[in-house]
Structures are given as C-alpha cells and as structure tokens.
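Here are the chains, one letter per residue:
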2 protein chains.
Amino acid sequence: MTGQVRTVDGRVAGRRGQATRQKLLDCLSEMFGSSPYRDVKVIDVARKAGTSPATFYQYFPDVEGAVLEIAEEMAKESGELADLASGRSWVGKAAWSASEELVDGFLDFWRRNDALLRVIDLGAAEGDKRFAKIRLKILGSVTSGISDAVKELQAKNRVDKDINAAAVAGALVTMMAGVASQPKAFQAWGVKQAEVRPNLALLVHLGITGKKPAR
Amino acid sequence: MTGQVRTVDGRVAGRRGQATRQKLLDCLSEMFGSSPYRDVKVIDVARKAGTSPATFYQYFPDVEGAVLEIAEEMAKESGELADLASGRSWVGKAAWSASEELVDGFLDFWRRNDALLRVIDLGAAEGDKRFAKIRLKILGSVTSGISDAVKELQAKNRVDKDINAAAVAGALVTMMAGVASQPKAFQAWGVKQAEVRPNLALLVHLGITGKKPAR
DNA sequence: TCGGTAAGCTGACGGCATGACAGGACAAGT
DNA sequence: ACTTGTCCTGTCATGCCGTCAGCTTACCGA
C-alpha cells in the first residue's frame, strides 16, 4: 500500500535508516509525555535518540511532520475502538453492559495515548486538515457505530425519529474524549476517579437509548 | 484586590506602561486566532504592537505568562456562564428551554474565546496547575450550577439517588466544551451546524433530568 | 578483492528567538 | 531650563532552527 519509506530528499531508506527513523519517532513519542508540546525541540529529540538534528531533518520536514507519522500509527490501532459500539445489543440489560464496556474501552484507549491525542486535538481545532483527518479516522469508527445503534433503535420505534443520530453520537464521543483528557478536573470538582466511569456510562446509555438503564 | 501592575524587574507601571502592556496582550490574543499556538513568537507579538521584544520581556516573563494574564481576564467574564444553570427550573417545559439556553450560551461563549480556551485546555491537560486553576474557575460555576440542579431533583425523588451529581455535571460541561472546540468534526460526520445545538440540548436535558424533554 | 554507488550521518553556518542590560527618550512638575 | 522617575530600545551573548556539503558506511556486481 504505502510505497517505500523515503527521506526528505527522496532517497529510499534502508534497514539502518528505518531503524534511526523509528528511534526518532519513539523518542518523540516519549517526549510528549514528559514535556509540554510547545517546548518539544528537535535538538532534544535528536540528543535523546543519540543522533544529530540534521539527521532528524533527513526523515521529517519538521516536528509536526513526525507527529503526523506517529499519529497515523496510532490511528491504525484505533480499530479496536470500532468493536466497542458495533455489533452490540442496545436493548435491556445488554445495553447497560454495552455502555459500560464502551466507556471503559474508550477511556483506556485515550489514557494510553493521551499526550499524542492532545496534540492531535489541538492541531485539528486549529484548523490543520491533516490532524483533523486523523482525528476523524480515530473517532469515526466509534461514532458511526453509535450512530448506527441509534438509527436501529429509531427504526424499531424505540427512539424518537427527530433525533439526529450522528449528532448525538458525535456529542457522546466528544464527551468521552473530553473526560478522558481532563481527569484532574473531576478531582478538583470532588469526584473520585472510580465515580466517573459509571456516571459516564449512564449518560452514554441515556443518549443512545433515551432511557434509564435497567440494571 | 490585585496590587499595582508591576514590571518584571519590580518597578510599578505608570499610565503609559500599562497602555503598552495592554496593547501587547491584545496583540497576543489576536495572534492566537491566526497562528498555531506552537508558532506564536515574542518577536511577532512585539512587531504587531509596534514595539520591541525587549519591551515584552519587561512586562511578562514569557509567552505563557502573558497568556495566563489574558486567561485571568477572560475568567472574570465567565461569570455570565453561571446564570445559565443556576436559578432555573428543571421541571417540565421549563427544563427544555433551560437546556436550550444553557447550550446556546455555553457554545456562544466558547466560540467567542475558542483560541484562548484551546490553549488553556492544553495547558491544564499537560498538568500545569496555573492553567488548571483558571479552567476550573471558568467551568466551575456552570458545573456547580448543573450539579445543584441535579441534587435538587434528587431531593424531590425525581432523579435516582445513586447518581453522582458532580460527575454528571462535569461530564455534560466537558461535552459542551468539546463540541464547541471541534465544530469541524461534526461537519465531517455529516451533521449540519444547526443540528448540533438541539441534539446537544437534548443530551443535557436527559443528563440532568433523566427524562426525555416535554416539548 | 575491489571499486562504484547509494545510503547514512554530521560539522558547520546563517538566521532568528530569547532574555539581560545600560542608557537614551519622554512626560510632568518645579 | 532642569530634575526626576518612568518608559522604551539598541545591543549583546546564548541557543535553537533548518540547510548544505562532504565524509563515512554498507551493499553489490565484476
């Protein structure tokens, strides 16, 4: 699918080249966890990878370019999210456990990749289409899964027809993403971590089925 | 309340000084709207304000310091948000219009200040306590307003007692904030702007009252 | 074994941002 | 006009950015 890996100046990267390239990506990933986005410098990444800034620019046009690379990688892993909403039963008790699992799976995924996802969110919000595209790829599968669930319930007359399934799905996904990326806020509001998940699951259940869960 | 405005080296700023200081802040605000956070440079702000970088460093330790200043200013204006949730009736038809007005007011506020709020969110998510504090100040009033509404309904036995009011309120506020900061995402999911607000209001209504709105 | 070729890496450079300082410009009062 | 205190900027050292030429390394066919 993707052609060979190429350097900025057009040469094809060999074994060794790909290794250093990957090492640079790894170091950059790690860096996002430890220092603010604004302070991530090429020279630091290069030093950490035991190479020079010039080498970095052989493989990436700039820091953003490298970030996009990492993000693409993560987007591939985000396929696991799709199963959290698709192919589930959203009726009765099954709907409640589906909500719980959706919230759990989503929050876990987000917390595993929080630093990177923050950067993607920022880029997308600032209007960068490349970041927006990746964000869509990551969230799209869950969103359409939820959207389909709502539409199915609408078809069975279990949910009002004048609800826009996609809008509700998008809002619920956005809610989960937001909650996952600001865990400290809930602490400040006097909410324990353990309390967040069930209450979030409740809101998801309410949003999808329009009813209180039957536990 | 706040003491006199002081320069970095401790002198008190006079009339003229405060004027240039303010101009720098204004130019910085404007800059956030037009260029990515990562690329905002002191020299650009200074040039835009018709002064020199040295002057900037007279009044602010760095870009972040200035951002915090602007953010504090905005936090003061965020008092208007408090009235969107407090002192409203959350029963029957009144609850529906309260939901609509809450969503409208919140989204408008967020979109008016989106660039700055993005930066605050990022700072808070990255663990900077100063930004987290400001974020709390902005969102706290709405959150506690919603939280109180839920608690009141719980007291009247109209909402289950095992719901954590603060957790639900926080999640709803986070949802609104997330939706406001990523309007493009909904477009990509095929949802028109006009569709977002009513569906968001529906979710807010469901979350607070636990019931579908009586329209 | 031995060039030849392409890949891989780095030193070094001009350019720009940062941050500190001293001294000049300015306004207001005497 | 002179003084005083505030305000601004020229200048400098430092450090990062992004690029290039050129050196080293690995691979390959003869």
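Residues numbered from 1 in each chain as written. Chains lettered and ligands numbered in written order. Predicted model: local features only at pLDDT ≥ 70, side-chain atom pairs only at ≥ 80, totals over all residues. Heavy atoms only, no water.

Novice: Explain the overall build of chain A to me, please; I cannot follow it from the model alone.
Specialist: When helices and strands are tallied, chain A shows 11 helices and zero strands. Taken over 215 residues, chain A has a buried fraction of 53%. Contacts in chain A between residues at least 24 apart in sequence constitute 66% of all its contacts with a sequence separation of at least 6. Accessible surface, chain A as shown: approximately 10000 Å² in total, 50% of it carbon and sulfur. With 31 positive and 26 negative side-chain charges, chain A shows a spacing of 1 Å between the two charge centroids. (Helix = DSSP H or I, 4+ residues; strand = E, 2+ residues; numbered from the N terminus. Buried < 20%, exposed > 50% of the residue type's maximum accessible area, 1.4 Å probe, protein only. Contact = heavy atoms within 4.5 Å. Areas by Shrake-Rupley, 256 points an atom, 1.4 Å probe, with all protein chains shown as cover. Lys, Arg positive; Asp, Glu negative; His and termini not counted. Charge placed at Lys NZ, Arg CZ, Asp CG, Glu CD.)

Novice: Explain the relation of the copies chain B and chain A here, please?
Specialist: In summary, the two copies of the chain are related to each other by a rotation about an axis coupled with a shift along it. Note on the copies: chain B fits chain A at an RMSD of 0.1 Å, the axial shift is 0.0 Å, and the rotation between them is 180°. Taken together, the turn and the small shift mark the pair as related by a two-fold rotation axis. In terms of C-alpha distance to the rotation axis, chain B has M175 of chain B as its closest residue, with the C-alpha 2.0 Å off the axis. The residues that chain B uses at the interface reappear at the interface of chain A in 100% of cases, marking a shared surface. (Least-squares fit on C-alpha atoms with pLDDT ≥ 70 in both.)

Novice: Could you clarify how one ought to interpret the environment of W189 of chain B in this entry?
Specialist: For W189 of chain B, the position within the fold is in the loop between α10 (183–188) and α11 (193–209). What W189 of chain B contacts, discounting residues up to four positions off in sequence, is L136, L139, G140, T143, A166 and G170 of chain A.

Novice: Teacher, can you tell me more about helix α9 (residues 165–181) of chain A here?
Specialist: Residue pairs three or four apart in sequence face the same way in an α-helix, which turns once every 3.6 residues. Residue and element names in this part refer to chain A. Counted at 1.5 Å a residue, the expected span for α9 with its 17 residues is 24 Å, and the 24 Å between its end C-alpha atoms agrees. Most of α9 is tucked away: 17 of the 17 residues are buried. Sitting at the head of α9, N164 places a side-chain oxygen 3.1 Å from the backbone nitrogen of A166. (Expected span 1.5 Å × (residues − 1). Polar contact = N/O pair within 3.5 Å; in protein donor to acceptor, adjacent residues only side chain to side chain.)

Novice: Could you clarify how one ought to interpret the environment of L24 of chain A in this entry?
Specialist: Residue and element names in this part refer to chain A. With respect to the helices, strands and loops of the structure, L24 is situated in helix α1 (residues 15–34). Sequence separation between L24 and A66 is 42 residues; the distance between their C-alpha atoms is 8.7 Å. Here L24 is in contact with V45, A46, A49, T51, T55, F56, Y59 and F60, once residues within four sequence places are set aside.

Novice: Whenever I open this one, the protein's contact with DNA strand D confuses me. Can you help?
Specialist: In the vicinity of DNA strand D there are 20 residues, among which Y57 of chain A together with G14, T20, T51 and Y59 of chain B approach most closely. The contact in question runs from a phosphate oxygen of DNA strand D to an N or O atom on the side chain of T20 of chain B, over 3.1 Å. Within the side chain of T55 of chain B, a nitrogen or oxygen atom sits 3.2 Å from a phosphate oxygen of DNA strand D. Looking at side-chain class alone, the surface near DNA strand D contains eight nonpolar, seven polar and five charged residues. (Near = heavy atom within 4 Å. Nonpolar A, V, L, I, M, F, W, Y, C, P; charged D, E, K, R; others polar.)

Novice: So what exactly am I meant to see when it comes to the packing of aromatic side chains here?
Specialist: Two descriptors summarise a pair of aromatic rings, namely the distance from one centre to the other and the angle between the planes of the rings. Under the defined criterion, the tally for this structure stands at 10 aromatic pairs over all chains. On the numbers, 5.9 Å between centres and 40° between planes, the contact of F32 of chain B with Y37 of chain B is tilted. The buried category is assigned to F32 of chain B, whose relative accessible area is 4%. Given the relative accessible area of 5%, Y37 of chain B is considered buried. Centroid distance F56 of chain B to F60 of chain B: 5.2 Å. Interplanar angle 50°. Geometry classified as tilted. Each member of the pair F56 of chain B and F60 of chain B is classed as buried. One cation-aromatic arrangement involves R38 of chain A over Y37 of chain B; the distance from NZ or CZ to the ring centre is 5.0 Å. (Phe/Tyr/Trp six-rings, centres within 6.5 Å; stacked < 30°, edge-to-face > 60°. Lys NZ or Arg CZ within 6 Å of the ring centre and 35° of its normal.)

Novice: How should the UniProt feature "DNA-binding region" (unreviewed entry) in chain A be read in this particular structure?
Specialist: According to UniProt, the "DNA-binding region" (unreviewed entry) feature falls on residues 41–60 of chain A. Within residues 41–60 of chain A, the helical portion is 70% and the strand portion 0%, while the C-alpha atoms at the span's ends are 13 Å from each other. (UniProt positions renumbered as here; feature names shortened; annotations may be inferred.)

Novice: Help me understand the interface of chain B and chain A, please; the structure alone is not making it clear to me.
Specialist: It is common to give the size of an interface as the accessible area that goes away when the parts come together. In this assembly, 47 residues from chain B lie in contact with 47 residues from chain A. With both chains or domains summed, chain B and chain A bury close to 4400 Å², and 64% of this area falls on carbon and sulfur atoms. On the chain B side of the interface with chain A, the three residues burying the most area are R38, Q182 and W189 of chain B, jointly 18% of the side's total. Inspection of the region where chain B meets chain A yields 12 residue pairs in polar contact (both at pLDDT 80 or more). Of all the secondary structure elements, the ones that give two or more residues to the side of chain B that touches chain A are α7 (114–125), α8 (129–155), α9 (165–181), α10 and α11 of chain B. Sort the elements by how many residues they give to the side of chain B that touches chain A and α9 of chain B lands first, with 11 residues. The residue inventory of the side of chain B that touches chain A, partitioned by class, reads 26 nonpolar, 11 polar and 10 charged. (Buried area = accessible area lost by both parts, 1.4 Å probe.)

Novice: Quick question: what am I supposed to make of the protein's contact with DNA strand C here?
Specialist: Near DNA strand C lie 18 residues; those nearest to it are R11, G14, T20 and T51 of chain A together with V42 of chain B. Within 4 Å of the protein, the contacting atoms of DNA strand C are drawn from sugar and phosphate to the extent of 72%. Q58 of chain A has a polar side-chain atom sitting 3.3 Å from a base nitrogen of DNA strand C. Take V42 of chain B: an N or O atom from its main chain is 3.0 Å from a phosphate oxygen of DNA strand C. At the level of secondary structure, the elements contributing two or more residues to the surface near DNA strand C comprise α1 and α3 (53–59) of chain A together with α2 (42–48) and α3 (53–59) of chain B.

Novice: What should I look at first to understand the pattern of salt bridges in this one?
Specialist: Two side chains carrying opposite charge are able to pair once their charged atoms lie near each other. For the coordinates displayed, the defined rule picks out 27 salt bridges over all chains. A salt bridge links R130 of chain A to D128 of chain A, with the shortest nitrogen-to-oxygen separation between them at 2.9 Å. Judged by relative accessible area, D128 of chain A falls into the buried class, the value being 17%. In this structure, E72 of chain B and K137 of chain B form a salt bridge, with 3.8 Å as the shortest nitrogen-oxygen distance. Here K137 of chain B lies in helix α8 and E72 of chain B lies in helix α4 (residues 63–77), a separation of 65 residues in the sequence. On the basis of relative accessibility, which here comes to 35%, the residue E72 of chain B falls in the partly exposed class. Classification of K137 of chain B by relative accessible area gives partly exposed; the value is 45%. (Salt bridge = Lys/Arg side-chain N within 4 Å of Asp/Glu carboxyl O.)

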